[in-house]
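Each chain, letter by letter, is given below.
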Amino acid sequence: MTVPSISDPQILTVSQLSNAIKLCLENSFPLVWLQGEISNFKPNSSGHIYFSLKDANAQISAVMFRGDAATMKLMPKEGSQVIVRGEINVYPISGKYQIIVREMRLVGIGELLLKLEELKIKLNKMGYFRKERKRPLPAFPKRIGVVTSPTGAVIQDILNILTRRNSGVHLILNPVKVQGEGAAQEIAQAINDFNKHDLVDVLIIGRGGGSIEDLWAFNEEIVAEAIFNSRIPTVCAVGHETDHSIAEYVADVRAPTPSAAAEIVVAEKVQQLNHLQQMLKRMQQTVMQLIRHDKQRLAGIMRHPAIQSPYTLLGPWIQQTDQYRQGIDEAMLQRLSRQRMLLTAKKQTLMSLNPLMRLSHYKEKLATLSKGIERQARRKMSDVKLLLKHLKDSLDAVNPKNVLTKGYCILFSEKDHSAITSVHSVEENQKVQIQLSDGSLAATINKIMPK
């Protein structure tokens with residue numbers, strides 16, 4: 001399409017002009033790379049992203065469609081510096097030109113954050129952040145290892161905490177660089193050395209605050225691997241409380257600050273000491289209370305009448321002695337009486353040995369026994385008759401046939417011929433047998449009416 005000159009009477013429509021500009025721009029800039037700051041960042045629910053790229057003097061509208069936006073590992077935000085690759089496009093409806101972004105990369109801090117996010121995903125897949133692998137800290141560590149700078153405030157803060165706590169532990173510092181080139185390698189080597197020689201019971205790894213670039217050594221994979229492979233439990237405190245590093249995610253315990261790390265390491269021991277001091281105080285109070293109680297009890301005992309007069313204590317023993325003496329006297333009198341009775345009996349026995357006396361005695365005894373036997377035989381015969389009559393009456397009373405003659409009946413199950421004693425042991429339409437005094441009847445249960 002050609003653009004008409006001033007002398008040419010041809011007049012273009014707005015659409016023709018917009019399409020001409022669209023073809024001109026899109027053909028001239030099929031692929032461009034742009035660097036700028038994101039503004040007016042508006043993610044759409046459809047998945048497309050609309051924003052502007054600007055620098056100090058100009059800005060351009062941009063759109064990144066859902067398919068390309070889904071490939072980004074880290075979503076940018078307002079104010080992010082980015083480099084984008086895309087094509088220039090004219091949107092005829094609004095008459096604006098824009099860039100359709102196919103690829104976006106973060107610049108500076110953004111690149112570091114993207115690298116950090118990629119490493120987090122990698123280590124998470126490898127299981128470095130699993131909670132079940134994290135170990136508890138020793139309750140009473142005797143040796144504490146510290147991996148940090150020897151000149152920073154961190155080591156001084158840790159020493160101040162341990163001194164104030166009066167923990168009595170032995171501190172071993174492995175000095176390292178905590179930022180700059182080679183810092184990550186030194187930190188990892190220090191952790192490995194502590195494990196290789198089994199020098200301490202727990203490790204504190206950390207440094208003070210700073211920018212993300214200053215703290216970057218603690219985001220290196222080599223440091224994360226050394227902490228993950230450490231046999232010694234680790235506490236990591238990097239930067240301030242709001243700072244987070246990969247080393248802290250991998251460590252067994254994360255502390256908000258290095259000072260807090262020292263507090264955590266000796267916390268159990270301090271708690272136990274406080275607990276023991278409280279127990280000691282309670283024991284002293286208990287002992288003093290027992291002493292006061294026993295003093296009051298002893299004073300009460302001293303005021304008791306039993307202590308004031310010896311006869312109060314000896315009186316029962318004196319009375320018991322008198323009772324024993326009286327009992328002995330009575331026993332001797334009873335024994336003498338029995339001996340006299342025994343002598344009298346012996347005398348009578350000798351007299352009974354006279355043959356005439358014995359014959360007379362046996363005659364009397366025989367007559368008495370004869371009468372007694374007759375009486376017992378008559379009494380026995382009467383008792384047996386009464387017993388037989390009673391048994392007969394009892395049998396007649398429990399004879400089912402006698403009961404049936406009075407209008408009663410017995411209901412039997414036709415299945416197993418067992419007696420039915422409850423409405424709950426039969427069902428409707430069940431066949432039963434009714435026993436009467438002069439025969440039996442067959443019947444069917446039509447209705448059950450529980451009480």
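Residues numbered from 1 in each chain as written. Predicted model: local features only at pLDDT ≥ 70, side-chain atom pairs only at ≥ 80, totals over all residues. Heavy atoms only, no water.

1. Section: the overall build of the chain
When helices and strands are tallied, the chain shows 12 helices and 13 strands. In terms of overall size, the chain is more extended than a compact globule, its C-alpha atoms giving a radius of gyration of 57 Å where 451 residues would be expected to give roughly 22 Å. Considered along the principal axes of its C-alpha atoms, the chain spans approximately 190 × 95 × 45 Å. Residues counted as buried form 25% of the 451 residues belonging to the chain. The long-range share in the chain, meaning contacts at least 24 apart out of those at least 6 apart in sequence, stands at 59%. Of the roughly 31,600 Å² of accessible surface on the chain, a fraction of 58% belongs to carbon and sulfur atoms. Measuring between centres, the 58 positive side-chain charges of the chain sit 21 Å from its 43 negative side-chain charges. (Helix = DSSP H or I, 4+ residues; strand = E, 2+ residues; numbered from the N terminus. Rg over C-alpha atoms; globule rule 2.2 N^0.38 Å. Buried < 20%, exposed > 50% of the residue type's maximum accessible area, 1.4 Å probe, protein only. Contact = heavy atoms within 4.5 Å. Areas by Shrake-Rupley, 256 points an atom, 1.4 Å probe, with all protein chains shown as cover. Lys, Arg positive; Asp, Glu negative; His and termini not counted. Charge placed at Lys NZ, Arg CZ, Asp CG, Glu CD.)

2. As for the sheet that holds strand β9 (residues 234-238)
The parallel open sheet is built from five strands, whose spatial order is β7-β6-β8-β9-β10. Looking at the sheet topology across the chains shown, the edges are occupied by β7 (170-175) and β10 (253-254). Alignment of strand β6 (residues 143-148) against β7, held across six bridges, turns out to be parallel. For T148, the partnering residue across the bridge sits in β7 and is P175. Together, β6, β7 and β8 (202-207) form the strand contacts of helix α5 (residues 183-197), whose direction differs from that of β6 by roughly 165 degrees. (Pairing = 2+ DSSP bridges. Axes fitted to C-alpha atoms, helices over the stretch in contact; angles between N-to-C directions.)

3. Section: unusual backbone geometry
Backbone geometry at N40 places phi at a positive 50 degrees, although glycine is not the residue there. With respect to the helices and strands, N40 occurs in strand β1 (residues 32-43). What makes N40 partly exposed here is its relative accessible area of 45%. Its identity is not glycine, yet N429 carries a phi of approximately 70 degrees, on the positive side. With a relative accessible area of 61%, N429 lands in the exposed category.

4. Some details on the pattern of salt bridges
As enumerated under the stated definition, the model contains 10 salt bridges in all. When the shortest N-O distance is used, the salt bridge between E248 and R254 registers 3.4 Å. Assessed through its relative accessible area of 27%, R254 is described here as partly exposed. One salt-bridge network, held together by shared partners, links D68, E87 and R102. (Salt bridge = Lys/Arg side-chain N within 4 Å of Asp/Glu carboxyl O.)

5. Points about a nonpolar patch on the surface
Nonpolar side chains collect at one region of the surface, where V384, L387, L388 and L391 lie side by side and expose about 350 Å² of accessible area between them. When you line up the elements, L388 lands in helix α11 (residues 355-398). Of the residues examined, L388 reaches a relative accessible area of 54% and is grouped as exposed. (Patch = residues over 30% accessible without salt bridge, like charges linked within 9 Å, V, L, I, M, F, W, Y side chains within 5 Å.)

6. Some words on the packing of aromatic side chains
Tallied over the entire structure, the rule returns three aromatic pairs. Where Y128 meets F228, the ring centres are 4.1 Å apart and the plane angle is 0 degrees; that geometry is what we call stacked. Here the residue Y128 occupies a position in the loop between α3 (109-125) and β6, and F228 occupies one in helix α6 (residues 221-228), the gap between them amounting to 100 residues. Taking relative accessible area as the criterion, Y128 reaches 6% and is therefore assigned buried. (Phe/Tyr/Trp six-rings, centres within 6.5 Å; stacked < 30°, edge-to-face > 60°.)

7. Focus on a positive patch on the surface
A contiguous patch of positive charge on the surface is contributed by K371, R375, R378 and R379. With respect to the element layout, R378 can be found in helix α11.

8. What to know about the sheet that holds strand β4 (residues 81-91)
One closed barrel holds the five strands; their spatial order is β1-β2-β3-β5-β4, and the pairing between them is mixed. With direction set aside, neighbouring strand axes in the sheet form an average angle of 50 degrees. Bridge count between β4 and strand β5 (residues 96-106): 10 bridges; the pairing is antiparallel. Its bridge partner lying in β5, G86 is registered against V101. Packed onto the sheet, helix α1 (residues 14-28) meets β4 and β5 and runs at close to 140 degrees relative to β4.

By themselves these figures say nothing about function.
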